[in-house]
Amino acid sequence: MMKPKHQRLALGLAALAAILGASGLALSALKDEAAFFYSPGDVAGKPLPLGKNVRLGGMVEKDSIVRGADGVSIRFTVTDGKAKTLVSFRGVTPDLFQEGSGAVAEGQFQPDGSFVADNLLAKHDERYMPPQMAGKMHKTDSLEK
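What you see is a predicted model; the values in this text were computed from it and never measured.

Let's talk about the overall build of the protein chain
Line of reasoning, step 1. Each helix and strand in the protein chain was counted, giving 3 helices and 7 strands.
Line of reasoning, step 2. The N-to-C order of helical and strand elements in the protein chain reads α-β-α-β-β-β-β-β-β-α.
Line of reasoning, step 3. Considering the protein chain as a whole, with its 145 residues, one finds that 24% of them fall into the buried category.
Line of reasoning, step 4. Relative to all contacts within the protein chain whose residues are 6 or more apart in sequence, the contacts with residues 24 or more apart total 48%.
Line of reasoning, step 5. Accessible surface computed for the protein chain: about 10500 Å², of which carbon and sulfur atoms make up 60%.

Put into structure tokens, the structure is as follows:
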């Protein structure tokens, strides 16, 4: 029979081992799912992170959106003011996606320096307010006056 002191020590070591094991499993799972964020200037003139899912963010350049004849393919240029990257996407674009606005594309860089996106997110500026909220605020303002 173990002394109570040794039992507490053994239980403490077992709990520590379980916590370390769970942490290791969680980190290894997250490593595969983590998408790193790059801007066009971050990868300009540097080796591209090929074969990895990453996020590319910046502003959609004016007059760069070209829609495909199939209605779901789109090509556009993302810029951060330092460099530009050509992005291809096949799917439905978000409502806020437009030239001159911010966008984040999730996908992979290609050996030629272009980017193929699996998912496209449109960013809005800090003054953006959903139409439902904007309408309510105007109604509230008119009630107070």
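A look at the packing of aromatic side chains
Line of reasoning, step 1. Under the counting rule described, the total for this entry stands at 3 aromatic pairs.
Line of reasoning, step 2. Plain terms: the ring middles of Tyr-38 and Phe-109 are 6.3 Å apart, the flat faces sit at 80 degrees to each other, and that makes the pair edge-to-face. Highlighted residues: Tyr-38 in strand 1 (residues 36–38) and Phe-109 in strand 6 (residues 102–109), separated in sequence by 71 residues.
Line of reasoning, step 3. Residue Phe-109 is classed as buried on the basis of its relative accessible area of 2%.
Line of reasoning, step 4. Measuring from centroid to centroid gives 4.9 Å for Phe-76 and Phe-97, while their planes differ by 65 degrees, and the two rings are edge-to-face. In this pair, Phe-76 sits in strand 4 (residues 73–79) while Phe-97 sits in the loop between strand 5 (84–90) and strand 6, placing the two residues 21 residues apart along the sequence.
Line of reasoning, step 5. Among the aromatic side chains, those forming a connected cluster through ring pairs are Tyr-38, Phe-109 and Phe-115.

Points about the pattern of salt bridges
Line of reasoning, step 1. Per the stated rule, a full pass over the model turns up 3 salt bridges.
Line of reasoning, step 2. Of the charged contacts, one joins Asp-70 and Arg-90 as a salt bridge, the two residues approaching to 2.5 Å between their closest N and O atoms. Residue Asp-70 is found in the loop between strand 3 (66–67) and strand 4, and its partner Arg-90 is found in strand 5; the two are separated by 20 residues along the sequence.

Observations regarding the nonpolar core
Line of reasoning, step 1. Within the largest apolar cluster, 16 residues are counted, with the highest numbers of intra-cluster contacts made by Phe-76, Val-87, Phe-97 and Phe-115.
Line of reasoning, step 2. Secondary-structure elements contributing two or more residues to this core are strand 2 (54–60), strand 4, strand 5, strand 6 and strand 7 (115–122).
Line of reasoning, step 3. In contact with Val-87, other than residues within four places in its own chain, are Leu-56, Ile-74, Arg-75, Phe-76, Val-78, Ala-105, Phe-115 and Ala-117.

Examining the side chain of Ser-64
Line of reasoning, step 1. Here Ser-64 is to be found in the loop between strand 2 and strand 3.
Line of reasoning, step 2. For Ser-64, the side chain forms a polar contact with the main-chain oxygen of Glu-61, separated by 2.7 Å.
Line of reasoning, step 3. Excluding its chain neighbours within four sequence positions, the residues that come into contact with Ser-64 are Arg-75, Phe-76, Thr-77 and Glu-99.

Focus on the pairing of strand 2
Line of reasoning, step 1. With 5 of 7 residues buried, strand 2 is to be regarded as a mostly interior element.
Line of reasoning, step 2. In this sheet, strand 2 lies alongside strand 1 in parallel orientation, the contact comprising 3 bridges. Bridge pairing in strand 2 places Phe-36 opposite Val-54.
Line of reasoning, step 3. With 6 bridges joining them, strand 2 and strand 6 adopt antiparallel strand pairing. Paired with Leu-56 across the bridge in strand 6 is Ala-105.
Line of reasoning, step 4. Where strand 2 meets strand 4, 2 bridges bridge the pair, whose relative direction is antiparallel.

Thresholds applied
Residues numbered from 1 in each chain as written. Predicted model: local features only at pLDDT ≥ 70, side-chain atom pairs only at ≥ 80, totals over all residues. Heavy atoms only, no water. Helix = DSSP H or I, 4+ residues; strand = E, 2+ residues; numbered from the N terminus. Buried < 20%, exposed > 50% of the residue type's maximum accessible area, 1.4 Å probe, protein only. Contact = heavy atoms within 4.5 Å. Areas by Shrake-Rupley, 256 points an atom, 1.4 Å probe, with all protein chains shown as cover. Phe/Tyr/Trp six-rings, centres within 6.5 Å; stacked < 30°, edge-to-face > 60°. Salt bridge = Lys/Arg side-chain N within 4 Å of Asp/Glu carboxyl O. Core = buried A, V, L, I, M, F, W, Y, C linked by side-chain atoms within 4.5 Å. Polar contact = N/O pair within 3.5 Å; in protein donor to acceptor, adjacent residues only side chain to side chain. Pairing = 2+ DSSP bridges.

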